Amino acid sequence: MTGVDPEVAQHHLNISPDARPVKQKPRRQAPNRQLAIRAEVGRLLAAGFIEEVRYPRWLSNVVLVKKPNGSWRMCVDYTSLNNACPKDCYPLPKVDQLVDATIGHARLSFMDAFSGYNQIRMAPEDQEHMAFLTDQGVYFYKVMPFGLKNARATYQRTVNKMFAHQIGQNMEVYVDDMIVKSQEAGAHLADLAEAFVTLRKFSMRLNPVKCAFGVISGKFLGFIIHERGIDANPEKVQLPVYYVSHVLNGPEERYPPIEKLALALVLSARKLRPYFQAHPVEVITDQPLRQILSKFDVTGRLLKWAVELGEHDVRYVPRTAIKAQSVADFIAELTQIEDVGLEQPPEAWVLHVDGSANSKGASAGLVLLAPDGQLFERSLRFGFQATKNEAEYEALLAGLRLALEMQVVAIHVLTDSQLVAKQLSGGYEARDPIMAKYLAQVKNLTAKFPHFTLSNVPRGENERVDALAKLASKSAPEARPEVEELPARAIEIAAAASGGAPITWVQELLRFKRDGTLPPDEATARRLCRTHSWYSEVGGRLYKRSFTYPLLWCLEPDEARTVLAEVHEGVYGEHIGG
């Protein structure tokens, strides 16, 4: 079989450049299926549809599906290849419009292409990607096979090109289903001859077993078509569905079995269409429709129903468990639902920050106010020289880190530094390299808050944090014990952390939980895979879960040394059970 000229139609895969080739693992086949595969492979080789390949990059398995007549249909599982190809958005004709266009014709001829998809050739550069595995060897399709993602679009584009002068006049085509129609019986031979000339011109072959010429009624796209109108096909109205429930207003209502509704929908499609547009419904079924439609032997019987019902906003949903649904209905009846409108954002915490710098040194103060009125104060003394603007940024960074540790979701920052507020809002440009580094680190921290706002306030509204900053700038004997020491700039600590410092076990666990990255050491990698389920990440921090205690904070080595020093030598040094 020569098939359609490649100059007229040719199928291209258009694989994404970043897609990695996939070789599926071989699947075992039963002896009777192996015989069917061998027979089909022999037929395809004799027809010149396939060819043997030795080193394929893509490799798929063979799948056998029972036909309605009891024979086997050999398909190829091109799932991996289909996932690597973008969707061809070429539109397919509307089923209801095609069916309506055939009503009222005196003579009809129903035609079906012989191995229709195989009459279109694959692009030479894509042929080896169509490789499939059998017990006899590995072969690839030189023609377009059934099961490709965009095969239907390519076929529809081809027939639209071939029959462009007849479609809508005396012919309708839906993929490989073709119908020649004539208003008068005497004109049907001329219309049919015109279609045959086109078929011969493009070398497309028909399957005589599935063709019917010059009849007054027949099956087209799942419907019985005749001169007086359309009827439902009795063989295709039996769907495994049970009830219909309204999605919109009012409580759930029960209807008769969907078979009756589907039949009425087909017989009165035009009358029911406005109703379903105003009242969308859903069909509840015990069998997931996706699993049904994924089976090749029933796709032809159900896909056309799905398309037809989809035109009227009817959709399928799985039927839920009866016991669980009863409990949900009981709770819904006892619960009073209030109309709260749009979801309100969480109440924000308020953070006051201020920095101070003089000849004695630099310092910062911050006050974090919770929505329930709790107050958290910090007074920070810098172990390095800093300008006024640097001190303002250090105060802001320290306050944001404190809020993140307390898992604050919404925060509103108040600062009396116009430079910080303007640079963060984009009003000022951070030309100084140090200010640019501070600005980048602040933006990195603020991105971790779902709700963040910042306001520039007068110095008089920041008196408390200003006092805390000045307290920390005093000499050590005058300072209170609550004053904390900042040994280095925040930007220097961040640069050191992102540099060549060794990765700690905490960072290894966080990397593995975020993107699955494993360390190069095999023993460490096995330990991570074995123990990672004991840990959780909350707010960017790693915690270990416990059966009886709350989440345990996992400390970095430097943090652990600080805690040990405080426990044994610092504020807890005098406690007996430190």
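Small disclaimer: the values here were computed from a predicted structure and weren't measured.

A separate point is the sheet that holds strand β21 (residues 410-415). Spatially, 6 strands are ordered β22-β21-β18-β19-β20-β23 in an open sheet, and the strand pairing comes out mixed. With one partner strand each, in any of the chains shown, β22 (451-456) and β23 (484-486) form the two edges of the open sheet. Each strand axis lies, on average, 25° off the axis of its neighbour in the sheet, ignoring direction. Looking at chain direction, strand β18 (residues 349-358) and strand β19 (residues 361-369) are connected through 9 bridges and run antiparallel. Residue pairing across strands places Gly355 opposite Ala364, the latter belonging to β19. Each of β18, β19, β20 (375-382), β21, β22 and β23 is contacted by helix α11 (residues 388-405), which is oriented at about 150° to β18, the strand it contacts most.

The subject of this paragraph is the pattern of salt bridges. Summed over the entire model, instances satisfying the criterion amount to 15 salt bridges. Measuring nitrogen to oxygen at the nearest pair gives 2.6 Å for the salt bridge that ties Glu40 to Arg43. Of this pair, Glu40 and Arg43 are both found in helix α1 (residues 31-47), 3 residues apart, which corresponds to roughly one turn of the helix. Residue classification places Glu40 among the buried positions, given a relative accessible area of 19%. For Asp416, the salt bridge is made with Arg459, and the minimal N-O distance between the two is 3.9 Å. With Asp416 in the loop between β21 and α12 (418-425) and Arg459 in the loop between β22 and α14 (463-472), this residue pair connects regions lying 43 residues apart in the sequence. The class of Asp416 is buried, set by a relative accessible area of 13%.

Met74, Met111, Phe132, Tyr141, Leu148 and Tyr155 are the most contacted members of the largest nonpolar core, which has 57 residues in total. The residues contacting Leu148, other than those within four sequence positions of it, are His11, Leu13, Tyr78, Leu81, Asn82, Met122 and Met130.

Parameters and conventions
- Residues numbered from 1 in each chain as written.
- Predicted model: local features only at pLDDT ≥ 70, side-chain atom pairs only at ≥ 80, totals over all residues.
- Heavy atoms only, no water.
- Pairing = 2+ DSSP bridges.
- Helix = DSSP H or I, 4+ residues; strand = E, 2+ residues; numbered from the N terminus.
- Axes fitted to C-alpha atoms, helices over the stretch in contact; angles between N-to-C directions.
- Contact = heavy atoms within 4.5 Å.
- Salt bridge = Lys/Arg side-chain N within 4 Å of Asp/Glu carboxyl O.
- Buried < 20%, exposed > 50% of the residue type's maximum accessible area, 1.4 Å probe, protein only.
- Core = buried A, V, L, I, M, F, W, Y, C linked by side-chain atoms within 4.5 Å.

It is worth stressing that arrangement in space is one thing and function is another; only the former is reported here.
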